[in-house]
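Understanding the architecture of this molecule
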Amino acid sequence: MSEPALQTSALTKEYKGTRVLDAVDLAVEHGSVFGFLGPNGAGKTTTLRLVTGLARPTSGAIRVLGHDVASVGAATRAELGFLPDVPAFYDWMTAPEYLRFAGGLFGLEHRVLTQRVGMLLDQAGLAGVTTRIGGFSRGMKQRLGIAQALINAPRLLLLDEPTSALDPIGRKEVLDLIETLRGRTTVFFSTHLLGDVERVCDTVAILDHGRVLTQAPITELKSRYSSSKVVVEVTGRVPELVAALDASPWAASVEAPRARGGIVAAGAGAGDSGGEPVAITVTVTDVAEARLGIPRIVADLGVGLVRFEAAELTLEEVFVDLVGEADRGGGASRGAEGDSIGVVTTERETQR
Ligand SMILES: Nc1ncnc2c1ncn2[C@@H]1O[C@H](COP(=O)(O)OP(=O)(O)OP(=O)(O)O)[C@@H](O)[C@H]1O
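These notes cover the structure that comes with them. Nothing here was measured: the structure is a model prediction, and the numbers come from that model. (Residues numbered from 1 in each chain as written. Predicted model: local features only at pLDDT ≥ 70, side-chain atom pairs only at ≥ 80, totals over all residues.)

Turning our eyes to something else, we now look at the packing of helix α3 (residues 95-105) against helix α4 (residues 110-123). Helix-helix packing: each pair is described by the crossing angle between the helix axes and the interaxial distance. At their nearest, the axes of α3 and α4 sit 10 Å apart, and the two run at 130° to each other. Viewed along their axes, α3 and α4 adopt a mutual orientation that is oblique. Relative to α4, α3 is oriented so that their crossing is right-handed. Here α3 contributes A95, P96, L99, R100 and G103 to the contact with α4, which in turn contributes L113, R116, V117, L120 and L121. Within the contact of α3 with α4, the residues separate by chemical class into seven nonpolar, one polar and two charged. (Axes fitted to C-alpha atoms, helices over the stretch in contact; angles between N-to-C directions. Helix = DSSP H or I, 4+ residues; strand = E, 2+ residues; numbered from the N terminus. Parallel < 35°, antiparallel > 145°, perpendicular 65-115°, else oblique. Left-handed = near helix turned anticlockwise from the far one by under 90°. Contact = placed C-beta atoms within 7 Å. Nonpolar A, V, L, I, M, F, W, Y, C, P; charged D, E, K, R; others polar.)

For the rest of this paragraph, the subject is the sheet that holds strand β3 (residues 33-37). As summarised here, the arrangement of the six strands in space is β6-β7-β8-β3-β9-β10, forming an open sheet in which the pairing is mixed. Only two strands of the sheet have a single partner each, and these edge strands are β6 (80-83) and β10 (211-217). Ignoring which end each strand starts from, the neighbouring axes of this sheet average 15° apart. As judged from the five bridges shared by strand β7 (residues 156-160) and strand β8 (residues 186-191), these two strands associate in the parallel manner. Across the sheet, L157 pairs through a bridge with V187, a residue of β8. (Pairing = 2+ DSSP bridges.)

Moving on: the environment of T58. Along the chain, T58 falls in the loop between α1 (44-51) and β4 (59-64). Measuring from C-alpha to C-alpha, the distance between T58 and E14 comes to 6.1 Å, with 44 residues separating the pair along the chain. Those residues in contact with T58, other than ones at most four positions away along the chain, are T12, K13 and E14.

Let us look at the sheet that holds β4. Strand order in the open sheet formed by four strands is β2-β1-β4-β5, with antiparallel pairing between adjacent strands. Two strands in the sheet have a free side with no partner beyond their single neighbour: β2 (18-28) and β5 (67-68). In this structure, strand β1 (residues 6-15) lies alongside β2, joined through seven bridges in antiparallel fashion. Bridge pairing in β2 links Q7 to A27.

Core analysis: the largest hydrophobic core is formed by 66 residues, its most contacted members being L99, I146, L156, L158, F188 and I206. Not counting the four nearest positions on each side in its chain, F188 is found in contact with L6, V28, F34, F36, L156 and L158. Listed in part, the 18 residues of the second largest apolar core include V242, I280, V282 and A290. (Core = buried A, V, L, I, M, F, W, Y, C linked by C-beta atoms within 7 Å. Buried ≥ 20, exposed ≤ 12 C-beta atoms within 10 Å, placed from the backbone.)

A separate point is helix α10 (residues 287-301). Since the α-helix advances by 3.6 residues per turn, residues separated by three or four positions end up pointing in the same direction. Helix length check: α10, at 15 residues, gives a terminal C-alpha distance of 21 Å against a target of 21 Å (1.5 Å per residue), a fit within 8%. Downstream of α10 by a residue or two, G302 has a phi angle that is positive, lying close to 65°. (Expected span 1.5 Å × (residues − 1).)

Turning to the site of the ligand, a few remarks are in order. Looking at the ligand, the residues that line it are Y15, V20, G38, N40, G41, A42, G43, K44, T45, T46, D85 and H192. Take the shell around the ligand: its biggest share by element is three residues, from α1. Within the shell around the ligand, the residues separate by chemical class into three nonpolar, seven polar and two charged. (Near = placed C-beta within 6 Å.)

It is worth spelling out α3 at this point. Within α3 the residues assigned to the buried category are A95, Y98, L99, A102 and G103. With its buried residues spanning 135° around the axis, α3 presents them on a single face. Buried-residue contacts for α3 involve α4 and α5 (138-149). Positive phi shows up at G107, right after α3, with a value of about 70°. (Arc of directions from axis to C-beta.)

Across the two faces of strand β14 (residues 277-284) the burial differs, with V278, I280, V282 and V284 buried and P277, A279, T281 and T283 not buried at all. Direction of pairing for strand β11 (residues 229-235) relative to β14: antiparallel, over a ladder of seven bridges. By the bridge assignment, V231 is partnered in β14 with T281. Across four bridges, the pairing between strand β12 (residues 251-257) and β14 is antiparallel.

Here we come to the environment of L121. As for its placement among the helices and strands, L121 is situated in helix α4. By the C-beta count within 10 Å, which is 20 here, L121 ends up buried. Between the C-alpha atoms of L121 and A147, which are 26 residues apart in sequence, the distance is 7.1 Å. The residues touching L121, leaving out its near neighbours within four places in the chain, are A95, P96, L99, L126, A127 and A147.

Here it is in structure tokens:
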């Protein structure tokens, strides 16, 4: 198997004795759209600065496109594209002028540059825009920034929080643009937005307090965690069923909707369903025991069973499980600031 497009090994960075990255191992496979997810201050920008050679690691190694970053040459640098967290533009230029300027820095030949500028303006939804950059919306600027990062047709595109300053429409436009890159170039992008990762990434690494909590293809991550959740959909006797499930030794938690929407935990007054099917989610500690126990409880109560299956989890639920585990000491150690990972934002929150 070929070497990953980007690989970090035990990557550590300290600023004046404070460790901001702690033994970070990442492997970004060629062709993937890789989400580097973490709250503010987790160390995402620091990682990108190390990967692009803008800062040096305290220890550990970084390999980009098969080369050690410490000794990487101009030829490999020309195969990277980078959009910093706060991109700077010349406001008096138009988008084509700016892209021509950026392409000129790579020494692109006139014909190639003209063709590439046209293609990228199109891809970024900026074709025909004659306004100067100073009059662009933030979303337009970010799309132009991505187009600029693509001017050299990079094999690896590094984007630092490309959507964080955008409204939902601007975010959608940028995510759509990233989506079009799938299969053409490897994309590594940092974000604190779970919804963005879920929307376009195939693989995710979750960073918290400078440590990687997990790294996996999103589908694998979901199935790994969904095996511990079961959905039981029933008609009638919901409170009794919730209580019986909750009293079972293999049940860690039971959640059922309230009579009028909203989720409540077991014992908090889940209403009866009045004949409508109600989906109860049970987090189990022993899947085999739960598979035997749940049908038995349902049958004993004489409840109508509509559905019994492994839960489909969202990335947000996996994330909450993972971070909860880290909080309880089962995962990476936590910093003194406690639960700052909770500030990672979900799509729902940002659209509220
Ligand atoms: N040059 C520096 N000197 C000292 N501390 C720094 C420096 N750069 C970053 N840090 C610290 O390192 C930690 C990680 O910062 P970093 O900017 O990498 O996080 P981030 O995940 O990108 O956050 P954000 O989403 O807010 O950009 C923070 O505590 C920050 O204060």
